[in-house]
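Structural overview
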Amino acid sequence: MFDLKTRVLVVDDMSTMRKIVSKSLKNIGFTDIIDAADGVQAFTALQSSEIPVGLIVSDWNMPNCTGLEFLKRVRASNYKDVAFVLLTAESEIEQVKEAVAAGVDNYIVKPFTPAVLQQKLEETHKRRTAA
Ligand SMILES: [Mg+2]
């Protein structure tokens, strides 16, 4: 599993969703969680974070800069190695291939339970360390 001290960046345009995801991460044991409302703000947060972000959990469907656009921007930047997990709606599953091609580490279909979030993060970490 990721070091629970890892700084996690939660990105979602809905504040309730940001709270739900952050709370689930806290329940898993993560202690350093920051958030942003879209990909533009999230990229700024990545750049201005004094402690490097080690994990991004981002919504797909957001105004200004979607999760996919944000992912592409991250993978083309100095932050290209940051673990990136996308949150998608059932209807967006077909588009997941595009995210995989763009280098996403994993994706979670909404709505999800904290247990699923934990399992997906464990899987993501395992894949990264096995690679
Ligand atoms: Mg959204």
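Structural data are supplied above this passage.
Here goes a summary of the coordinates provided. (Residues numbered from 1 in each chain as written. Predicted model: local features only at pLDDT ≥ 70, side-chain atom pairs only at ≥ 80, totals over all residues.)

**Considering the overall build of the protein chain**
Looking only at helices and strands, the protein chain features five helices and five strands. Listed N to C, the secondary structure of the protein chain is β-α-β-α-β-α-β-α-β-α in terms of helices and strands. Computed over C-alpha atoms, the radius of gyration of the protein chain comes to 13 Å, within 12% of the 14 Å expected from 2.2 N^0.38 for 131 residues, which places it in the range of a compact globule. Oriented by its inertia axes, the alpha-carbon framework of the protein chain measures out at about 35 × 30 × 30 Å. Out of the 131 residues in the protein chain, the part that is buried amounts to 33%. The long-range share in the protein chain, meaning contacts at least 24 apart out of those at least 6 apart in sequence, stands at 63%. (Helix = DSSP H or I, 4+ residues; strand = E, 2+ residues; numbered from the N terminus. Rg over C-alpha atoms; globule rule 2.2 N^0.38 Å. Buried ≥ 20, exposed ≤ 12 C-beta atoms within 10 Å, placed from the backbone. Contact = placed C-beta atoms within 7 Å.)

**Section: the environment of Thr 66**
Structurally, Thr 66 is set in the loop between β3 (53-59) and α3 (67-75). Accessibility expressed as a C-beta count within 10 Å gives 19 for Thr 66, which makes it partly exposed. Other than its neighbours up to four places away in sequence, Thr 66 contacts Gly 39, Trp 60 and Asn 61.

**Here's the deal with unusual backbone geometry**
Following Lys 110, the chain continues to Pro 111 via a peptide bond in cis, the omega torsion being -5°. Note on placement: Pro 111 falls in the loop between β5 (106-109) and α5 (114-130).

**Regarding the sheet that holds β3**
Spatially, β2-β1-β3-β4-β5 is the arrangement adopted by the five strands of the open sheet, whose pairing is parallel. Of all strands in the sheet, those bounded by a partner on one side alone are β2 (32-36) and β5. With direction set aside, neighbouring strand axes in the sheet form an average angle of 20°. Summarising the sheet, β3 and strand β4 (residues 83-88) pair through five bridges and their orientation is parallel. For Val 57, the partnering residue across the bridge sits in β4 and is Val 85. Along the sheet, helix α1 (residues 15-28) contacts β1 (7-11), β2 and β3; its crossing angle with β2, the most-contacted strand, is approximately 165°. Relative to the sheet, helix α2 (residues 39-48) contacts β1, β2 and β3, its axis offset from that of β1 by approximately 165°. (Pairing = 2+ DSSP bridges. Axes fitted to C-alpha atoms, helices over the stretch in contact; angles between N-to-C directions.)

**Focus: the environment of Tyr 79**
For Tyr 79, the location among the structural elements is in the loop between α3 and β4. With 40 residues separating them in the primary sequence, Tyr 79 and Gln 119 have C-alpha atoms 24 Å apart. Here Tyr 79 is in contact with Leu 46 and Val 74, once residues within four sequence places are set aside.

Note that every value here comes from positions in space, so none of it alone points to a role or purpose.
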